[in-house]
Amino acid sequence: MQDPSRQTDTTSWRSFYGPNLGYAAEMYELYKTNPDAVDASWREFFATHGAPLPTSEEHVGESQSAAGSAYAIQKVVALHELLRNVVEYGHLLAETNPLQPEKVDTPVLDPAYHGLSEEDMRSIPAQMVLPDAPASVETGWDAFLWLKSLYTGNISFEFAQVHRPREREWLRKFVEQNEASCHLGSDEKKQLLERLTEVEEFETFLHRTFVGQKRFSIEGVDALVPMMDEIIRNAIAKGAKNVMIGMAHRGRLNVLAHVLQKPYAKIFSEFHTAVNKELVPSEGSTGINFGWSGDVKYHLGGTRTMNGEGAQSVRLVLANNPSHLEFVDPVVEGFARAAQDDRQRPGTPQQDVDSTLAILVHGDAAFPGEGVVAETLNLSRLAGYSTGGTIHIITNNLLGFTATSQEGRSTRYASDLAKGYEIPIVHVNADDPEACLFAVRLAHAYRAEFHKDFLIDLIGYRRWGHNEGDDPSVTSPLLYEKVNAHPRVREIYAKRLEANQVIRQGEADEYVARIQQTLKNAYADVAKVTEDEADNGMAAELLPPAQTGVSKDELMQINQELLQFPESFTPYPKLHRILQRRLQAFEKDGAVDWGHAETLAFATILREGTPIRLTGQDSERGTFSQRHLVLHDMNGGPSYCPLHDLSGAKASFDIHNSPLSEMGVLGFEYGYNVLAPKTMVLWEAQYGDFANTAQGIIDQFISAGYSKWKQPSGLVLLLPHGYEGQGPEHSSARLERYLSLSAENNWRVVYPTTAAQYFHLLRDQARRLQSEPRPLIVMAPKSLLRNPHAASAWEEFTKGGFQPLLLTAGQELPDADVRRLVVCTGKVAVEFETALSETKQKVEDLRVLRLEQLYPFPEKEIQAQLQQLQNLKEVVFLQEEPMNMGAWSYVQPRLLNLLSKEVELRYCGRPERCSPAEGKAGMHTAMQKAILEQAMVPSTGRVLA
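Anyway, here's the lowdown on the structure attached to this text.

What counts and what doesn't
- Residues numbered from 1 in each chain as written.
- Predicted model: local features only at pLDDT ≥ 70, side-chain atom pairs only at ≥ 80, totals over all residues.
- Heavy atoms only, no water.
- Phe/Tyr/Trp six-rings, centres within 6.5 Å; stacked < 30°, edge-to-face > 60°.
- Helix = DSSP H or I, 4+ residues; strand = E, 2+ residues; numbered from the N terminus.
- Buried < 20%, exposed > 50% of the residue type's maximum accessible area, 1.4 Å probe, protein only.
- Pairing = 2+ DSSP bridges.
- Axes fitted to C-alpha atoms, helices over the stretch in contact; angles between N-to-C directions.
- Disulfide = S-S within 2.5 Å.
- Polar contact = N/O pair within 3.5 Å; in protein donor to acceptor, adjacent residues only side chain to side chain.
- Contact = heavy atoms within 4.5 Å.

## Points about the packing of aromatic side chains
Phase 1: Under the counting rule described, the total for this entry stands at 35 aromatic pairs.
Phase 2: For the pair Phe-205 and Tyr-523, a centre-to-centre distance of 6.0 Å together with 70° between the ring planes defines the contact as edge-to-face. Taken together, the residues span a long stretch of sequence, with Phe-205 in helix H10 (residues 186-209) and Tyr-523 in helix H21 (residues 507-524) at a distance of 318 residues.
Phase 3: For Phe-205, a relative accessible area of 6% translates into the label buried.
Phase 4: Residue classification places Tyr-523 among the partly exposed positions, given a relative accessible area of 32%.
Phase 5: With centroids separated by 6.1 Å and ring planes inclined at 80°, the aromatic side chains of Phe-857 and Tyr-890 adopt a geometry described as edge-to-face. Taken together, the residues Phe-857 in the loop between strand S24 (853-855) and helix H31 (859-868) and Tyr-890 in helix H32 (residues 888-898) connect sequence positions 33 residues apart. The two residues Phe-857 and Tyr-890 agree in class, both being buried.
Phase 6: By way of ring pairs, the aromatic residues Trp-170, Phe-174, Phe-438, Tyr-446, Phe-450 and Phe-454 are connected into one cluster.

## So, the sheet that holds strand S17 (residues 716-720)
Phase 1: One open sheet holds the seven strands; their spatial order is S15-S14-S16-S17-S19-S18-S24, and the pairing between them is mixed. The sheet terminates laterally at strand S15 (653-657) and S24, the two strands that pair on one side only. Strand-to-strand twist in this sheet, taken as the mean axis angle between neighbours without regard to direction, amounts to 20°.
Phase 2: Bridging between strand S14 (residues 612-616) and strand S16 (residues 680-684) involves five bridges; their strand directions are parallel.

## Section: the state of the cysteines
Phase 1: Within this structure, the stated rule accounts for zero disulfides.
Phase 2: Unpaired in terms of disulfides, Cys-908 finds its nearest cysteine sulfur in Cys-824, a separation of 10 Å.

## Quick word on the side chain of Glu-736
Phase 1: Looking at the element boundaries, Glu-736 is found in helix H28 (residues 735-740).
Phase 2: Here Gly-886 takes part through its backbone nitrogen, which lies 2.8 Å from a polar atom of the side chain of Glu-736.
Phase 3: Beyond its immediate chain neighbours, meaning those up to four positions away, Glu-736 contacts Met-885 and Gly-886.

Below, the structure written as structure tokens:
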């Protein structure tokens with residue numbers, strides 16, 4: 001900035017007078033506060049020539065009276081303010097709604113409001129208020145009309161929320177200097193008309209051929225398909241190798257047919273086998289595709305490989321999406337990040353944001369209405385989740401189901417949520433397809449330049465109801481009177497091209513006839529389409545347990561390496577002492593605790609070539625300060641992750657503290673793992689019940705994704721679980737929910753109780769990822785993390801593998817002496833065995849089985865144990881959760897099926913409750929003690945109350 005002590009260059013400043021001087025003075029004031037806000041030529045002038053000349057009688061005499069000069073300056077300032085308002089608030093007067101143009105009372109866009117007349121504005125040179133205006137814009141009045149035509153027509157812009165001056169200026173210049181690119185050449189216009197004809201005729205054919213069947217048509221926002229085409233073309237031109245797309249139902253079949261090129265005959269065949277619509281209660285019913293396993297057709301995704309420039313192939317992916325409309329958003333972001341990351345080298349994965357583009361298509365009611373949208377937007381610029389900018393399109397059809405915008409959101413625009421994340425927004429009339437293409441060119445150019453998100457609000461309407469069996473006039477009679485009278489976009493555009501002599505009269509009808517014939521031919525081929533084989537199930541059995549031990553020498557070498565730091569790194573002394581104790585783990589009588597076992601498992605997995613990604617709130621150090629995989633220099637130097645420098649590592653290790661989000665983050669990690677199924681992806685809940693707010697992702701994607709879509713995932717969920725007097729929250733990870741979702745070998749649900757078991761479990765999961773990925777649900781510990789009874793001797797890491805069932809207390813008893821068998825899971829098993837060792841009463845006929853894997857249920861292993869106990873009289877299932885929670889309801893019928901009629905099965909635990917745990921620590925302690933004591937004594941024929 002100009003040094004205040006610099007003398008003003010009077011010679012250069014004397015060339016300014018009147019309005020010019022006023023404008024220059026205004027620019028100088030702006031320059032003093034924010035140099036980047038003025039043009040580079042002004043910055044150079046001010047730096048060289050200093051401040052404006054003070055008004056003097058001599059100077060006034062050379063130009064005009066002081067009063068006249070002040071008046072002229074006032075007019076220039078007023079015009080400058082008016083033009084700024086046109087740019088910033090022009091969207092309020094824009095004609096972006098094809099059905100009901102809204103005219104908002106916007107006085108700041110009226111010249112009279114600023115005390116300006118047309119004559120005033122004509123007297124001011126355009127260059128004075130708009131230095132980079134085109135040559136045809138000569139006066140202030142011309143500038144006003146020109147900007148108004150740009151900012152208040154069929155396309156409008158909201159950029160004020162973009163706070164970085166360079167970005168905002170780039171956006172303004174793109175709009176004002178690329179006006180010509182809004183107009184297409186004749187061939188491009190013909191191609192656009194033909195694409196719109198394909199889009200419309202496809203929907204018309206479906207509507208006529210499959211009367212009343214749901215398809216959630218695109219009609220009203222037909223321009224979405226050519227917009228997607230244009231985005232993909234631009235992405236390929238910039239070197240993209242992948243385009244990941246997420247969208248809900250509306251327009252999905254059209255996108256599948258035309259963007260993903262799913263054959264018409266295949267789509268028709270899926271309609272052809274649908275049952276009568278009267279038998280289908282809702283869009284989520286599997287009955288709509290009778291005889292075809294999986295999911296309804298407008299939930300299904302698709303892939304396409306197309307040729308890019310040269311020999312490069314480009315993969316397009318449309319993600320499968322359930323009726324939880326926006327839940328696919330973070331999943332697609334996870335797809336994109338997985339495709340961008342190079343995980344084949346040690347250290348942090350190398351990300352190439354230009355290699356993959358994410359496109360998310362939203363509904364106008366869902367975008368502001370579903371919280372997962374905000375969670376996804378918040379991920380966009382976080383290091384662990386950024387994908388280099390996503391292009392968002394809201395297919396705005398003015399209704400959400402049957403609710404109007406006034407009933408569905410508290411904001412003026414459906415897109416307003418994006419403003420909080422400084423995302424540029426364009427509103428565009430869906431009846432102007434050329435403006436729509438300009439919008440996506442701007443969006444992609446911004447993404448390519450700044451690698452940030454961009455949003456297009458595509459404002460159209462919905463030709464039919466929420467689905468094609470719905471009569472929308474019942475709830476919106478006036479709106480649908482307009483819709484029914486409104487011409488379709490293909491017709492509007494065809495007439496426009498005829499009027500401009502781009503196409504000859506009747507040529508548009510020829511397009512229609514040709515496409516109709518193509519559709520008829522495809523329908524005739526439906527009988528030739530081979531139906532998908534029914535495949536509702538997964539593998540009959542999962543892979544058997546493997547030997548996952550690691551030699552002592554390798555473990556000791558890894559242990560030594562992980563406790564060495566760079567010379568410039570100064571660890572926190574207290575933490576350093578704690579970590580150094582791990583050196584003693586491999587000495588005589590040494591033991592490995594939970595966090596140590598996990599680190600050793602990760603290191604060995606990396607050495608075997610499996611990449612790892614771990615995220616969650618506080619995951620770098622561990623919620624309970626047990627992990628410390630990322631260390632922080634106490635002198636403020638860079639942080640250090642020992643696993644990044646591990647010798648022999650053949651794959652990357654990625655770890656991030658997540659934002660305070662569960663639904664969005666878990667969806668992201670699921671998507672990442674689906675695209676990278678051989679990568680070990682772990683999500684850690686801070687407490688297990690934090691997964692409550694991600695239940696939609698768990699129910700719709702993780703548990704059922706393979707059954708519905710043949711979409712495998714090996715995602716690991718670490719869910720801290722255990723009753724430790726912390727109250728109803730943070731006690732239960734809701735084990736019962738995961739067990740209720742368990743079927744068809746869809747995943748494993750485990751509750752390990754020793755560090756060695758956890759070590760082998762992680763290594764076993766990494767092995768399964770290579771051939772049979774399945775999610776892994778882990779009831780993770782809290783107090784067991786440092787409980788010496790959960791630590792394991794180093795010998796247990798060098799042999800064996802994960803055991804679904806552990807035989808622990810009572811092993812010394814001869815089988816014939818065992819009268820009672822206590823089966824339990826998790827922390828309460830450790831507590832029970834500790835209580836047994838400390839009790840003064842004699843317990844001489846009891847054996848304990850720890851159920852480490854709940855699903856798939858280890859039936860054969862339990863059966864083998866039971867067959868050895870010929871004198872068994874009682875089996876007690878011990879849990880700390882209430883009777884209607886935990887594993888009891890799941891385990892009871894399975895145990896009964898294995899027990900003879902002479903053996904009693906007894907429950908021991910808390911009674912049925914609506915809240916997971918006691919709210920007072922004292923009550924918890926008393927109840928926990930009573931449960932353990934009752935499990936020690938023979939049956940009394942009662943349940944603890």
